[in-house]
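# Examining the three-dimensional arrangement
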Amino acid sequence: MLSKLLKHGTLTIDTDLCVTCADDLSLSRYHAVKHSSSRTFFSIPSFNSATCILHNEPHNNHILHLSTSFTRRKLNLTLLLTTFLSSNLSNTSGAFLMAQELDLELHRYTDSKEGFTLLIPSSWTKVDKAGATALFQDASMGSNNIGVVVNPVRLANLGDFGSPEFVADKLLQAERRKESTKEAKLIAASERSGNGDLQIYEFEYTIDSTRGGKKRIFSAAFVTSKKLYLLNIVHSDKPESPLEPYKRMILEQVLHSFNAAA
């Protein structure tokens, strides 16, 4: 379509961590014990110490000794800070594992002849279709697909045609003119730089159609060597079976990977 328009919470503690706390008032000792059930228990026996030490006890329990007799407010702030730091460590670990999973889910496809490259879900298969330079389908649902079309244009770059918002508006106008379209809604339009400072536009929008129901579309486009490169990612996004967050992340990785071959 764009081608036609242009042509016209878990607590995790590092056991190496050591914090030193001091208070000139009375001192107490606080224990924070993390059991295998992921529940954390606090006890406050009396003790005199000026150090906070984290170490391993038998049975792999992590014991946190907090020196200092905090006021209630100080204790609350300390616990909040500990939870915040621990949460950040957990989030970082989770993000790393998720990145590894995404890496396993995707493989790079490069068309050296046409000069473009992108990531493709490993389980999707390449099929032939008239008018498509490359087309990949979800093995479990063929209507979910990733397609690339390359066509000659007179433009030197996308900026000669208009801004991302301008192009997105023209794109949705064309979608709404289709008899099968009941609704078309723009979600996002943006611009990023590709190889050699290549100008790449990205779009996300939804379509409710009499042909296939509601779908989510991710598109990317760039112009180089007087050729328009258009990526279209189509995925079902019906109310009864919405696009799952993890699948969305995979499709976004595909979208952001679309580029001219180096």
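Preceding this section is the structure that the text describes.
Before going into details, it helps to say that this report is about the structure given with it.

### Concerning the sheet that holds strand β6 (residues 106–111)
Pairing is antiparallel in the open sheet, where three strands are placed in the order β6-β7-β15. The sheet terminates laterally at β6 and β15 (259–260), the two strands that pair on one side only. Summarising the sheet, β6 and strand β7 (residues 116–121) pair through six bridges and their orientation is antiparallel. Looking across to β7, one finds that T110 is bridged to T117.

### Re helix α3 (residues 164–176)
Taking 1.5 Å as the rise per residue, α3 with 13 residues should run 18 Å; its terminal C-alpha atoms sit 18 Å apart, in good agreement. Of the positions making up α3, those classed as buried are P164, V167, A168, L171, L172, A174 and E175. Buried residues in α3, looked at end-on, bunch into an arc of 155°, giving them a common side.

### Quick look at the environment of Y229
Relative to the elements of secondary structure, Y229 occurs in strand β14 (residues 227–236). The class of Y229 is buried, set by a relative accessible area of 3%. A sequence separation of 29 residues divides Y229 from I200, and the C-alpha atoms of the two residues are 9.6 Å apart. Those residues in contact with Y229 that sit more than four places away from it in its chain are E114, G115, F116, V149, V150, A220, A221, F222, T224 and F258. Here E114 takes part through its backbone oxygen, which lies 2.5 Å from a polar atom of the side chain of Y229.

Thresholds applied
Residues numbered from 1 in each chain as written. Predicted model: local features only at pLDDT ≥ 70, side-chain atom pairs only at ≥ 80, totals over all residues. Heavy atoms only, no water. Pairing = 2+ DSSP bridges. Helix = DSSP H or I, 4+ residues; strand = E, 2+ residues; numbered from the N terminus. Expected span 1.5 Å × (residues − 1). Buried < 20%, exposed > 50% of the residue type's maximum accessible area, 1.4 Å probe, protein only. Arc of directions from axis to C-beta. Contact = heavy atoms within 4.5 Å. Polar contact = N/O pair within 3.5 Å; in protein donor to acceptor, adjacent residues only side chain to side chain.

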